[in-house]
Amino acid sequence: MRFAPAIVRVPEDGGQAVKIRLALLGALAAGLALPAGCAYPPWLQRGDPAPLLLNARQLTFDGRRSGEAYWSADGTQLVFQSEREPGNPFYQIYRMELASGAVRRVSPGMGKTTCAWFHPSGDRILFASTHHDPATGSEMRAELEQRASGEQRRYAWDYDPEFELWSARPDGSGLLRLTASPGYDAEGSYSPDGDWIVFASNRHAYLEPLDDQAAAHFARDPAWGMELYRMRADGSGSERLTHTPGYDGGPFWSPDGARIVWRRFAEDGLTAEIYSMAADGSDVRQLTRLRALSWAPFYHPSGAYLVFATNRHGFANFELYLVDTDGRREPLRVTNQTGFDGLPVFSPDGRQLAWSRTRKGQPGAQVFLADWDHAEALRRLTLRSAALRRSGAPLPPAALGAAELRRHVARLTAGEMAGRATGSPGERRATAYVAEAFEALGLQPAGDEGGWFQGFEFTSGVALGVDNRLVVDGEGERWLPERDWQPLAFSRTGRAAPAPVVFAGYGIVAPAHGESPAYDAYAGLDVSGRWVLTLRYLPEDVPAERRQHLNRFAGLRYKAMLARERGALGLIVVTGPRSPSRDPLVRLRVDVALAGTSVFAVSVTPELAGALLGGRDLAALQQALDGGAQPPGFEVPGLALAAAVDLVHERSAGRNVLARLHRGGDAGAPPVVIGAHVDHIGDGSGGTSLAQDDERGRVHPGADDNASGVAALLAIARWLAGGSEPLARDVVFAAWSGEELGLLGSSHWASLLDDPDAHAVAAARDVSAYLNMDMVGRFDEQLVVHGMGSSPGWVAALERGNAVVGLPVSAQPESYLPTDTTPFYLKGVPVLSAFTGSHGEYHTPRDTRDRLDYESAARIAWLIGRIAQGLAQAREIPEYAALEHPGSGPARGSIRVYLGTIPNYGRSDVAGVALSGVSPGGPAARAGLRAGDVIVELAGRAIENIYDYTYALDALAVGKPAELVVLRGGERVPLSIVPDPRE
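For the structure given in this document, a descriptive report is provided here. (Residues numbered from 1 in each chain as written. Predicted model: local features only at pLDDT ≥ 70, side-chain atom pairs only at ≥ 80, totals over all residues. Heavy atoms only, no water.)

### Thoughts on the side chain of Asn-468
Examined against the element boundaries, Asn-468 turns out to sit in the loop between β26 (453–464) and β27 (469–472). By relative accessible area, which is 9% here, Asn-468 ends up buried. A distance of 3.1 Å separates a polar side-chain atom of Asn-468 from the backbone oxygen of Gly-465. Polar side-chain contacts of Asn-468 include one of 2.8 Å to the backbone nitrogen of Asp-646. Discounting residues that sit within four places of it in the chain, Asn-468 has contacts with Pro-481, Trp-485, Pro-487, Ala-644, Val-645 and Asp-646. (Helix = DSSP H or I, 4+ residues; strand = E, 2+ residues; numbered from the N terminus. Buried < 20%, exposed > 50% of the residue type's maximum accessible area, 1.4 Å probe, protein only. Polar contact = N/O pair within 3.5 Å; in protein donor to acceptor, adjacent residues only side chain to side chain. Contact = heavy atoms within 4.5 Å.)

### Describing the packing of helix α9 (residues 556–565) against helix α18 (residues 946–953)
Between α9 and α18, the shortest axis-to-axis distance is 10 Å and the interhelical angle comes to 80°. By the angle between their axes, α9 is roughly perpendicular relative to α18. Contact with α9, carried on its side by Arg-557, Tyr-558, Met-561 and Arg-564, involves Tyr-947, Asp-948 and Tyr-951 of α18 and no other residues of that element. Per-class residue counts for the contact of α9 with α18 are 4 nonpolar, no polar and 3 charged. (Axes fitted to C-alpha atoms, helices over the stretch in contact; angles between N-to-C directions. Parallel < 35°, antiparallel > 145°, perpendicular 65-115°, else oblique. Nonpolar A, V, L, I, M, F, W, Y, C, P; charged D, E, K, R; others polar.)

### With respect to the packing of helix α6 (residues 402–412) against helix α7 (residues 425–440)
As a packed pair, α6 and α7 sit with axes 10 Å apart at the nearest point and diverge in direction by 150°. Considering their axes alone, α6 and α7 lie roughly antiparallel with respect to each other. Packed against α6, whose contacting residues are Arg-407, His-408, Arg-411 and Leu-412, the element α7 presents Ala-430, Tyr-433 and Val-434 at the interface. When its residues are assigned to classes, the contact of α6 with α7 shows 4 nonpolar, 1 polar and 2 charged.

### Quick look at the sheet that holds strand β23 (residues 352–358)
Across the sheet, 4 strands lie side by side as β1-β24-β23-β22; this open sheet has antiparallel pairing. Edge positions in the open sheet fall to β1 (53–58) and β22 (340–346), since each of these has one partner strand only. If you compare each strand with its neighbour and ignore which way they point, the axes differ by 25° on average. Inspection of the sheet shows β23 paired to strand β24 (residues 366–372) by 6 bridges, in the antiparallel sense. What sits directly across from Ala-354, in β24, is Leu-369. (Pairing = 2+ DSSP bridges.)

### Thoughts on the pattern of salt bridges
Per the counting criterion, the structure on display carries 48 salt bridges. A salt bridge links Asp-324 to Arg-329, with the shortest nitrogen-to-oxygen separation between them at 3.9 Å. A relative accessible area of 30% places Arg-329 in the partly exposed class. Through salt bridges with shared partners, a single network forms among Arg-64, Arg-65, Glu-83, Glu-143 and Arg-147. (Salt bridge = Lys/Arg side-chain N within 4 Å of Asp/Glu carboxyl O.)

### Focus: the packing of aromatic side chains
According to the stated counting rule, one finds 34 aromatic pairs in the structure shown. Ring centres 5.1 Å apart and planes at 70° place the aromatic pair Phe-346 and Trp-372 in the edge-to-face group. Placement of the pair is Phe-346 in strand β22 and Trp-372 in strand β24, with a sequence separation of 26 residues. The exposure class of Phe-346 is buried, given its relative accessible area of 3%. Site record: aromatic cluster; members linked through ring pairs are Tyr-159, Phe-163, Tyr-184, Tyr-247 and Phe-265. Above the plane of the ring of Phe-90 lies Lys-112, whose end atom (NZ or CZ) is 5.3 Å from the centre. (Phe/Tyr/Trp six-rings, centres within 6.5 Å; stacked < 30°, edge-to-face > 60°. Lys NZ or Arg CZ within 6 Å of the ring centre and 35° of its normal.)

### What about the environment of Val-910?
Here Val-910 shows up in the loop between β46 (901–903) and β47 (913–918). Taking the C-alpha atoms as reference, Val-910 lies 9.8 Å from Val-936; in sequence the two are 26 residues apart. Contacts of Val-910, omitting those with residues within four sequence positions, involve Val-934 and Glu-944.

### A short note on the environment of Ala-437
In this fold, Ala-437 is placed in helix α7. Accessibility expressed as a relative area gives 17% for Ala-437, which makes it buried.

### Section: unusual backbone geometry
In this structure, the amide linkage connecting Asp-705 to the following residue, Asn-706, adopts the cis form with an omega of 5°. Mapped onto the secondary structure, Asn-706 falls in helix α12 (residues 703–721). A positive phi is found at Glu-187, a non-glycine position, where the angle reads about 60°. Checked against the element boundaries, Glu-187 lands in strand β10 (residues 185–190). A relative accessible area of 8% means that Glu-187 is categorised as buried. A positive phi angle is found at Arg-291, which is not glycine, with a value near 55°.

### Points about the sheet that holds β10
Paired through their backbone hydrogen bonds, the strands of a sheet run either parallel or antiparallel. Read across the sheet, 4 strands follow the order β10-β11-β12-β13 without closing on themselves; strand pairing throughout is antiparallel. Two strands close off the open sheet at either side, each with one partner strand: β10 and β13 (239–240). Of the pairings in the sheet, the one linking β10 to strand β11 (residues 196–201) comprises 4 bridges and is antiparallel in character. Within β11, the residue paired with Ser-189 across the bridge is Val-198.

This is the structure:
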């Protein structure tokens with residue numbers, strides 16, 4: 001996987017800057033050592049009690065808000081309320097089949113609904129609704145208009161007197177009205193035997209005379225008149241159970257049907273406590289005395305305790321608590337998250353808990369699900385009861401098992417794969433292995449000329465040619481390449497006639513910033529037509545704040561650009577005696593954004609630098625500069641340097657592996673594409689390794705990055721190929737190469753989507769959706785699913801898929817990603833990408849197969865496979881949503897302006913910055929830039945590469961026009977752009 005740049009120290013040797021989040025382990029409990037690759041969970045590191053909720057995950061994603069989820073008696077379904085019906089802003093009732101994730105509406109779709117409950121037989125569903133009210137249409141329209149106006153108001157339940165209790169079959173048919181009384185009838189549930197319904201109603205306030213005080217209370221708050229009732233399941237025989245002023249509501253039966261638990265508000269409505277009573281209304285017991293808003297109680301199936309919600313920790317901070325059924329023990333806290341946790345419900349077997357939770361940044365509550373540790377709850381409540389055996393997470397089908405993933409990862413990380421560097425023999429072996437696996441599954445080849453592979457060429461390296469010479473004062477044999485000096489990878493090639501040498505200190509020019517004064521190593525120097533000799537890096541002894549500021553301007557690319565802009569012939573860099581460095585010479589290696597410059601650029605040893613300085617002491621010169629002072633530079637009198645630079649850019653070929661599943665669908669319909677990159681970084685010599693000193697040169701096996709994703713891809717292919725259900729469209733499986741070098745393989749494939757003569761897969765001229773897996777082997781607390789913002793259809797697709805799989809998921813909208821999704825998204829294809837997070841072994845030899853969590857990886861494959869299956873079975877393709885690009889390029893965190901350009905990092909064959917596209921509605925789009933343009937000038941500055949472009953952005957001001965020039969079809973096109981603020 002390729003992480004977006006986050007600069008700590010600008011990689012002056014041209015290497016890619018990489019963002020890494022290192023995993024920190026807490027103190028080990030009881031002095032025990034952790035197994036390799038494992039970490040104690042956060043709660044144990046903190047010394048907290050064992051958690052009661054395990055494997056918590058979001059169950060519903062669709063709609064503005066969802067909640068009040070209740071199980072069917074057999075535990076196979078959930079019924080819940082959700083605001084997700086088109087044209088209706090109010091809750092409707094939905095049923096989710098947990099075996100498939102399918103969601104179907106039960107209620108009529110009009111008006112308001114709430115509080116659904118399954119009959120124990122599963123044949124009927126109880127709920128409250130106002131759909132029969134003649135005014136319901138106007139109420140819906142008024143609410144939609146109010147929301148469209150942008151006016152925000154506090155959410156409140158209105159206790160609509162038109163609410164009545166209804167029941168229907170699970171498919172919504174057979175609608176039957178159970179109550180027809182004035183006032184609010186809702187909050188109903190069936191008794192365990194199915195004979196009775198307990199519910200809340202304020203009907204007595206409509207049917208019975210009220211004294212003046214009671215009438216005033218009721219006029220201010222209709223909830224004040226709420227009481228509990230019970231009636232037969234057919235709606236007959238209604239009888240009132242409570243007679244206390246204030247709200248009595250939210251009733252549920254005990255598992256044996258002998259008692260009812262509910263919430264009772266104080267008469268002033270400011271606090272609520274949990275109560276229980278016998279089924280006939282007798283034997284009332286108060287179970288809590290928290291003097292807070294405690295509500296939504298629900299029995300555990302064991303009958304030993306119940307769960308409820310309370311805001312005892314803050315008015316808007318509702319948390320879940322337990323209390324024993326007699327209320328004799330201090331309530332026990334279950335959740336600890338700022339916000340709303342409420343409406344908890346145990347599964348019929350007592351092994352899971354569903355509840356409603358609001359997460360930060362989430363507009364409304366959604367239903368969450370977690371495994372429940374009943375034995376731990378009993379222990380902490382000091383209760384004696386037979387503990388239920390805890391169930392584990394749902395297990396994927398056999399074709400998606402952990403053993404298969406383990407086998408694939410072992411092969412892809414074997415010694416002969418040698419780190420799978422793009423274009424290497426190891427990559428050839430790895431891609432051959434994937435092709436053999438596809439063939440064994442009976443898939444069709446979808447590569448070039450009907451084969452399994454699709455080739456592409458790329459610049460793989462840079463090497464010295466035969467004509468490299470550095471001549472100081474005519475001494476042509478003394479200084480040898482690779483020993484005394486070496487060209488930089490981006491240097492101009494050719495011959496340079498003898499020219500003077502000017503020493504310019506650290507070669508940095510930086511503006512003032514906060515407490516840091518301006519810095520100008522070129523002050524008073526004329527370098528036109530001369531060689532500029534500078535030190536590498538930046539002053540060694542400056543304070544941290546100043547170092548952080550100068551760091552941005554210390555890269556070799558930037559120093560070369562400054563020399564070029566001042567008319568220099570060439571740049572010479574030397575590693576000073578006081579600068580820690582692994583190598584005295586800058587290594588000759590290709591970087592991800594390979595692009596040249598129009599000045600010569602070379603690295604020299606301190607000994608050669610001493611000769612170029614005319615005998616001056618390099619250490620003394622550096623010492624004078626390292627405190628931050630700026631002694632003037634100087635020209636070395638009477639000395640001339642000539643050079644010949646000959647660099648050979650090495651070209652190599654990589655290959656993707658492509659397979660197609662066709663099972664009864666329309667072969668011309670846009671296919672679903674599932675992909676993962678098979679390449680890695682070999683021995684790390686390409687520049688992106690994060691290996692420690694003693695690990696340099698060792699093979700980087702890339703188990704998580706990304707043998708894990710390829711293993712999941714192969715498992716999904718086996719599962720889908722072995723299915724029997726017809727598909728409406730084909731599924732394409734792709735193992736990309738070149739991802740680590742800049743998304744080369746996927747970019748090559750995506751570029752053919754516009755070519756009517758391209759290979760068979762791309763001949764459809766479109767792709768319905770692209771699903772990606774990049775680093776899915778190190779599951780910790782949750783799976784990150786990026787790309788949710790690329791289509792409004794992803795919310796429902798993720799909800800259906802994960803309802804069965806049950807993974808904790810963090811759904812993220814970002815769709816411009818540093819992985820193989822981006823080439824597809826730029827072509828207008830909705831994308832999703834699964835990722836389990838960064839770790840300290842990323843891009844090191846320590847990313848080994850023994851560190852992976854294969855069971856979780858199998859469940860991730862199951863989730864992506866289920867989403868793919870749903871897409872392949874659907875007649876419609878997901879709708880594409882265009883998002884603004886957040887910006888890219890080195891050190892973007894310090895850039896204040898936003899242009900909305902999307903560089904094509906795979907184009908190393910042009911001078912300038914080629915664009916893959918522009919963000920819709922952004923400054924670049926408004927200025928007329930488009931995909932395929934090459935930016936060659938910005939704000940009067942020549943742009944030869946991505947580094948020039950990034951530095952040029954610093955000169956732009958928000959809201960002020962800047963001139964730029966692009967090459968379009970070989971012609972220079974001047975344009976004007978007005979930057980937006982980045983934040």
